[in-house]
Amino acid sequence: QVQLVESGGGLVQAGASLRLSCAASGRTFSDYVMGWFRQPPGKEREFVATISRSGGSTYYADFVKGRFIISRDNARNTVYLQMNSLKPEDTATYYCAASRRTLGSSLLGYDAWGQGTQVTVSS
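Criteria and thresholds
- Residue numbering note: each chain is counted from 1, following its sequence as written.
- Reporting of local features is limited, given that this is a predicted model, to residues whose pLDDT is at least 70; pairs of side-chain atoms are given and counted only at 80 or more, and all residues count toward the totals for whole chains, interfaces and linings.
- Hydrogens are left out, water is left out, and the side-chain values use all remaining heavy atoms of the structure.
- Think of it this way: any DSSP run of H or I at least four residues long counts as a helix, any run of E at least two long counts as a strand, and we number them from the N terminus.
- Taken over C-alpha atoms, the radius of gyration is set against a globule rule of 2.2 Å times the number of residues to the power 0.38.
- Buried means the residue's accessible area, taken with a 1.4 Å probe over protein chains only, is under 20% of the maximum for its type, while exposed means over 50%, and partly exposed covers the values in between.
- Contacts are assigned to residue pairs that have any heavy atoms within 4.5 Å of one another.
- The Shrake-Rupley method, run with a 1.4 Å probe, gives the accessible areas here. Residue values count only the displayed protein chains as cover.
- Positive charges come from Lys and Arg alone, negative charges from Asp and Glu alone, with His and the N- and C-terminal ends not counted.
- Note that the charge is assigned to NZ on lysines, CZ on arginines, CG on aspartates and CD on glutamates.
- Salt bridge criterion: a side-chain nitrogen from Lys or Arg within 4 Å of a carboxyl oxygen from Asp or Glu.
- The pairing criterion for strands is at least two bridges between them, as found by DSSP.
- To define axes, lines are fitted to C-alpha atoms, for helices over the stretch in contact only, and angles between the resulting N-to-C directions are given on a 0 to 180 degree scale.

> What is the right way to read the overall build of the chain from this model?
Scanning the chain from N- to C-terminus turns up zero helices and 11 strands. Reading the chain from its N terminus to its C terminus gives the helix and strand order β-β-β-β-β-β-β-β-β-β-β. Taken over C-alpha atoms, the radius of gyration comes to 13 Å for the chain, in line with the 14 Å a tight globule of 123 residues would show. Principal-axis analysis of the C-alpha atoms places the extent of the chain at approximately 40 × 25 × 25 Å. The burial tally for the chain puts 45% of its 123 residues in the buried class. For the chain, contacts bridging at least 24 residues in sequence account for 57% of all contacts bridging at least 6. For the chain, the accessible surface area stands at approximately 6000 Å², while carbon and sulfur atoms represent 47% of it. Separation of charge centres in the chain, based on 13 positive and 9 negative side chains, amounts to 4 Å.

Structure representation (structure tokens):
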């Protein structure tokens, strides 16, 4: 099983940018589709973005299109989430996840999860 560790969260003002990183270990990183999810306070975990094994295909939730960019560096075993124009409603714990299946937005399709990193956006 792959192990995932997120980093890069923090407290920022609305309009700012953050880049989250997720470092993977334990298995061949390029074997996995990678995804980012988030869980706002008091709400369920929701899909944010996903990227294919090669990085050639990406898919986003509608509420982040044009603001967030997912990318990966298979040589560094790392997936990133560049978050721009942050809004207070982006406040959440952000999780990366790994899947051995095809690109997808369902939590059930992901086999391994990180511990999460907190992002707080003030207004």
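Let us keep going from here.
> Is there a simple way to explain the pattern of salt bridges in this structure?
Two side chains that carry opposite charge are able to pair once their charged atoms sit near each other. Taken as a whole and judged by the stated rule, the model has seven salt bridges. Measuring nitrogen to oxygen at the nearest pair gives 2.7 Å for the salt bridge that ties Arg67 to Asp90. Taken together, the positions of Arg67 in the loop between strand E6 (58-60) and strand E7 (68-73) and Asp90 in the loop between strand E8 (78-83) and strand E9 (92-99) put the pair 23 residues apart, joining distant regions of the chain. Like Arg67, the residue Asp90 is buried in the burial classification. Measuring nitrogen to oxygen at the nearest pair gives 2.5 Å for the salt bridge that ties Arg101 to Asp111. Of this pair, Arg101 sits in the loop between E9 and strand E10 (112-113) while Asp111 sits in the loop between E9 and E10, and the two are 10 residues apart along the sequence. We classify Arg101 as partly exposed; its relative accessible area is 44%. One connected set of salt bridges, linked through shared partners, spans Arg38, Glu46, Arg67 and Asp90.

> Which parts of the structure should I look at to understand the sheet that holds E7?
Hydrogen bonds between backbone groups are what pair the strands of a sheet, and the pairing can be parallel or antiparallel. Taken in spatial order, the four strands line up as E1-E3-E8-E7 in an open sheet, and their pairing is antiparallel. The open sheet has two edge strands with one neighbour each: strand E1 (3-7) and E7. Taken over all neighbouring pairs, the strand axes of this sheet differ in orientation by 15° on average, direction set aside. Bridge analysis of E1 against strand E3 (residues 18-25) gives five bridges, and the strand direction is antiparallel. Across the sheet, the residue bridging to Ser7 is Ser21, located in E3.

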